[in-house]
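# A look at the structure
So the chains spell out like this:
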Amino acid sequence: MENPEQLIRKGVHHDRLKEGTVKAVLGGLTWGVVLVALLIFGRICWDGAPAVLKSEFPFVDTDFLTAKTETLHVFDDAVGNRHSLPATEYHAWVEKEGSDAVFNEQTYSYSGGGIAGPIAGTALLTLLSIAMALFFGVAAAIYLSEYAKQGRFIGLVRLAILNLAGVPSIVFGLFGFAVFVLAAPVFTEAPSERSLLAIPLGFTWFSFQGWNSSLIAGAATLACMILPVIITASEESLKAVPQGFREASLAMGATRWQTIRKCVLPFALPGILTSSVLSLARAAGETAPIMFTVAVAAKDDLPWEGLSNPFGIFQTQVQALPYHIYTLAARIPSSEFTQRAQYGSVFVFLMMIFLFSALSIILRNRVRSKLKW
Amino acid sequence: MPDSPTSSSVPADHPFRRKGRGTDGLFKAFFAGNAGLTIVILVLIIAFLIREGAGFFPDYRRELELYRRSGLEFVDLSRKDLTAHEQMSSLLNRAYYAQVNASCRNEFQRSQEAAAIVNYLGEVVAPAQSALQRVLDRAGEEGVPEELQASLSAKYQALLADALAGRAGKGLPPTPHLSSAERAGLLADLKSRDPLSTDDPALVLALQEQLSARQDAAAQPLEDFRAAIDAFADASVALDNLVAESGDTVKAIKEAATLHEIETTKRATLLEAAAKAKKPEDKLQFEAEARAAVTTEAVDFAPALKPVLDRIPEFREANAALSAALAGAGDKLPKRLEDAKAQRYLATFRKGMDAYAIELADTNAALVAWRNDLPIGLGSTILGFVTGREWITGGEWQDFYGIIPLFTGSLLIAVIALALAIPLGVGAAIYTNQLAGRREQNFIKPTIEFLQAIPSVVLGFLGIAVLGTLLQETSMKDSLSWIPGFPIQERLNMFTAGCLLGLMAIPTIFTLSEDALNNVPSSFAEASDALGASKLQTIFRVVCPAAISGILAAVLLGLGRVIGETMVVLLVAGNRIEIPDFTEGLGVFFQPAHTLTGIIAQELGEVPFGSVHYRALFVVGILLFAIVLGINWTAQRMLHKFRIGHD
């Protein structure tokens, strides 16, 4: 107490130690999380990369990406060599050598060949859902940011957006199943028994009997799920366009719609597209909503093969990459023979998702640096 | 500006004005319609969930009524006692084996490890070994071609060398409990073993012998205990037989009643079709089919049940036997067991004894009071769903839809996830926002955001392929056996799922907490600094309290994400529909369970459209929807409060 300076110094010293400890603990926690994230990433790359990469030029093994999913046959031949072949090669082998030459055979479903079907299915599903969600979402955002005044309707819309954003994905799956698969309206010659309501139109029926499990039903479900994200992001981009642009345009005598089309949308579009890339990643990554609305575990054709008319593609079931991974993880016991299919699919899937995410971050930064007012 | 044009200077019918007004209203209506779409979707979600789920309670009530009418409920009164008895004896058995195994844990592990090595080698050499075997089997009289045998033997040797060096598959299993000499001896033994022999090496046999000798030695002092357990377990034989016999009777009654109901429904449909039919011959045919549709008579429940109800005295006698066995067991059991785990099981048994005795007495009263014609109210059906402890579907006896097992699973997993995610997420947010340098921030933030981008199915896959095995192997270590629940029995359990869900919740909690900390006005921290507070005091006494509602909201949103998450729990939680066994203490977290989300994902694809089971899944969906909305709503309220506080 006699020497205040000493007291202060003492205090500072004591605090240093404490601060250092707290900082070390919190920093340890944080870097622990970061480390786990990197470990996960590393593990998947380490085990998955061999499926799509090879050691000689051109280093990328496209077989895995372009071949269809098949059953894997693992067996020994007469001289004790172990083979593991996808179904088509296996049948060719058996044809050549005779079925007596196959011993200790084991089969692993979905584990042979490649993942062309799931990739194509996911691509179609994601593109279709993002197209729907962008159309409705941007229109809703334009209303919210350009037309709406505070009122009851707006309050309700905002409440709905907020609540929709929190609905669990499996509930979206139930919703999609009950609405799009079982109750959405179609034109049909003969309404089915479970149709909710069938309106005769003379030459045909307009029946609420659902779209069955199909591409369009799955895409609609996913679109509903990402709609709130797209609306919120689009509204932000629209609001970021300076008010002066609108005022100037209106002052020149343009109508509201002309103003929006010529002076607001073009400047908000980069931002909207950026955020939609992020939603793309989310739509591609979800499994629960597509389980009952579109996805199948096995399909011999790619989605566009064997269709009678071009619109038939909307009515086909497709394989999807997340559902394929679910099937591989849940139904196929892990072994050295299934590892290529399992880790390979996960690796490709994760790369796709990260590509989208990284793309959206890069785009966002470019948009921010380019558009400044 | 004296000559600026006023609004009246443009004539009302000027094309400039007219053109805009007409279409602009349309555009506005179009955009408003799209905004309204969100409301429509939300209303559709609620409406269709309720539409599909609403029929559940009346249907379930009808099923329960049939359950009571046909006397299944009566038999279940005693069956419940039997199940409880089984659980009690299993507790005693677990106590017994825990005590026995505790003393020969080392021998057991040595034996297991040696067997693991033998198995590993056997699997690696299998292709060559089986080919060799095959060739010799088929050789017959003329013998085996020299060349083939030589090449196969070479192959076998190559594989064996690979295996001994641990190059194939996952490598040689570790043997921490075998001495290096023993291990070397075992490997040498295996190396020199005849290619065709599958006999176990000497060491494996010796270890097995040691183990059984040790087990016998450990069981010696427990002989009385064993006898008491067996006596208690055997006491249920009379009741077992009674339940099985009367179970068959009532099941037949129920099946007859169900068949009759199906036939009556079919007749009603046919008669309806007959009424609608336009051609007279169609009408006649439908009517004829309708008459033929019903082949059985309606079941008269009371007389059919009489033979079962007449046996009530026998039931009471069997019950009395059980009660006597229970009372007798109390005296014969050892006072205490040395092993902590065994002692816990025994204590649980003793604690359960009184409750079980009361339950047996209650059953006696309930058997007499039971009537098959008491109505079941809708209220008690709903109560039965909300407080039901069983979710049994697709069984031959009776389906029950009780939400408690699923709810417990979801809750326990959420507890584990939050216990991990709150310290990590909030801690990382505080560190990144307040303590880390700029360069550190620029690395940490994107990495944790990347964590959010990982799809849940990928995490679920990792849980199955990596984490589950890793945790189980870790739990086998001797040095960790003091942790409750270790060694882990099931590879897929709530803890594994909770860890992964925690990992999923961290980015949510981190990002939102960081935002909340960021939003604290810098003047707060500046004022605190100016008053001479240290850095830590500023952070924990000023900044964090100011951001607390934002952090709480972040935690709640994280909870919402955890409860609503499907794929991880479906893949990793183990999917056992049972209330976890809380007698294990903290070890309860290492048991498998099923969840609200998981059950929908797993069963919706398999149930027939419109059945009670199908509707039950939608009711679970409604419940889930309500829970998650409630959580999110609370979080939003908190955020709102937070904003007002700083404006």
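Remember, predicted model here, so these are calculated numbers, not experimental data. Each residue is numbered by its place in its chain's sequence as written, counting from 1. As they are written, the chains are lettered A onward and the ligands numbered 1 onward, keeping that order. It should be noted that, the model being predicted, local features are given only for residues of pLDDT at least 70 and side-chain atom pairs only at 80 or more, the latter also being counted only at that level, while totals for whole chains, interfaces and linings use all residues.

### Notes on the overall build of chain A
Scanning chain A from N- to C-terminus turns up twelve helices and six strands. For chain A, whose C-alpha radius of gyration is 28 Å, the value lies well above the compact-globule estimate of 21 Å for 373 residues. Summarising its shape, the C-alpha atoms of chain A cover approximately 95 × 85 × 40 Å along the three principal directions. Split into buried and exposed, the 373 residues of chain A put 44% on the buried side. Residue pairs in contact within chain A that sit at least 24 positions apart in sequence constitute 77% of those at least 6 positions apart. In DSSP terms, a helix is any run of H or I states spanning at least four residues, a strand is any run of E spanning at least two, and both are numbered starting from the N terminus. Between the two quantities, the radius of gyration covers C-alpha atoms and the globule rule is 2.2 Å times the number of residues to the power 0.38. Burial is judged by counting the other C-beta atoms within 10 Å of a residue's own C-beta: 20 or more makes it buried, 12 or fewer makes it exposed, and any count in between marks it as partly exposed, with every C-beta position built from the backbone. In this description, a residue-residue contact is defined by the distance between C-beta atoms placed from the backbone, which must lie within 7 Å.

### Quick notes on the overall build of chain B
Along the backbone of chain B there are 23 helices and two strands. Here the C-alpha atoms of chain B give a radius of gyration of 35 Å, more than 25% beyond the 26 Å that 2.2 N^0.38 yields for 647 residues. Evaluated residue by residue, chain B yields a buried proportion of 36% over its 647 residues.

### Notes on unusual backbone geometry
All names here are of chain A. A positive phi is found at Tyr-110, a non-glycine position, where the angle reads about 60°. Examined against the element boundaries, Tyr-110 turns out to sit in strand 3 (residues 103–113). With 23 C-beta atoms counted inside 10 Å, the residue Tyr-110 sits in the buried group. Of note in the backbone geometry, Asn-212 takes a positive phi value of approximately 60° without being a glycine. Owing to 17 C-beta atoms within 10 Å, Asn-212 belongs among the partly exposed residues under this scheme.

### Some thoughts on the interface of chain A and chain B
With 75 residues of chain A at the interface, the matching set in chain B holds 79 residues. The dominant element in the side of chain A that touches chain B, judged by the number of residues it contributes, is helix 1 (residues 4–52) of chain A, at 15 residues. Three residue categories are used. Nonpolar comprises Ala, Val, Leu, Ile, Met, Phe, Trp, Tyr, Cys and Pro, charged comprises Asp, Glu, Lys and Arg, and polar comprises the others, including Gly. Of the residues belonging to the side of chain A that touches chain B, the class tally is 51 nonpolar, 15 polar and nine charged.

### Comments concerning the domain arrangement of chain B
A domain assignment, automatic or from a database, supplies the domain bounds used here. Annotation of chain B at the domain level lists domain 1 (15–54), domain 2 (59–101 + 233–401), domain 3 (104–199) and domain 4 (416–610 + 621–646). Summarising the inter-unit geometry, the C-alpha centres of domain 3 of chain B and domain 4 of chain B are found 47 Å apart.

### A few points about the sheet that holds strand 3 of chain A
All names here are of chain A. Read across the sheet, three strands follow the order 2-1-3 without closing on themselves; strand pairing throughout is antiparallel. At either margin of the open sheet sits one strand with a lone partner, and together these are strand 2 (82–86) and strand 3. Strand-to-strand, the axes of this sheet are offset by a mean angle of 20°, without reference to chain direction. At least two bridges found by DSSP between two strands are what make those strands a pair. All axes here are fitted lines through C-alpha atoms, helices being fitted over the stretch that makes contact, and every angle between N-to-C directions spans 0 to 180 degrees.

### Details of the environment of Thr-221 of chain A
Residue and element names in this part refer to chain A. Position of Thr-221 among the secondary structure elements: in helix 7 (residues 215–240). Residue classification places Thr-221 among the buried residues on the basis of 29 C-beta atoms within 10 Å. As a C-alpha pair, Thr-221 and Ala-24 span 197 residues in sequence and 46 Å in three-dimensional space. In this structure, Thr-221 is in contact with Phe-172, Gly-176, Phe-180, Pro-289 and Thr-293, ignoring residues within four places of it in sequence.

### Here we look at the pairing of strand 1 (residues 69–76) of chain A
Residues and elements named next belong to chain A. Counting buried positions along strand 1 yields seven of eight residues, so the element is predominantly enclosed. When strand 1 meets strand 2, the two strands line up antiparallel, connected through five bridges. By the bridge assignment for strand 2, Leu-72 is matched with Pro-86.

### Some details on the sheet that holds strand 4 (residues 185–188) of chain A
Residues and elements named next belong to chain A. Taken in spatial order, the three strands make up an open sheet running 4-6-5, and their pairing is antiparallel. In the strand order of this sheet, the two ends are held by strand 4 and strand 5 (198–200), each with one partner. Adjacent strand axes in the sheet meet at a mean angle of 20°, parallel and antiparallel pairs treated alike. Strand direction decides the pairing type here: strand 4 and strand 6 (residues 205–208), joined by four bridges, are antiparallel. Residue pairing across strands places Pro-185 opposite Phe-208, the latter belonging to strand 6.

### Let's talk about the packing of helix 9 (residues 237–276) of chain B against helix 11 (residues 301–309) of chain B
All names here are of chain B. Remark: helix 9 packs on helix 11, axes separated minimally by 9 Å, with the N-to-C direction vectors making an angle of 170°. By the angle between their directions, the pair helix 9 and helix 11 is classed as roughly antiparallel. On helix 11, the residues that touch Ser-246, Thr-249, Val-250 and Ile-253 of helix 9 are Phe-301, Ala-304, Leu-305, Pro-307 and Val-308. Of the residues assigned to the contact of helix 9 with helix 11, the class counts are seven nonpolar, two polar and no charged. An angle below 35 degrees is treated as roughly parallel, one above 145 as roughly antiparallel, one from 65 to 115 as roughly perpendicular, and anything else as oblique.

### Here's the deal with the confidence of the model for chain B
Where the model shows low pLDDT, its predicted coordinates should not be examined in detail. Residue and element names in this part refer to chain B. What pLDDT reports is the predictor's confidence in each residue, on a scale of 0 through 100. Averaged over all residues, the pLDDT of chain B equals 83, while 95% of them reach at least 70. For chain B, helix 5 (residues 146–164) is the element with the lowest average pLDDT, namely 78, and helix 15 (residues 404–435) is the one with the highest, namely 92. Here residues 1–6 is modelled with pLDDT under 50, and outside its nearest four sequence neighbours on either side it reaches zero contacts, counting other chains as well. On the interface metric, ipTM, the complex scores 0.88, and its pTM is 0.86.

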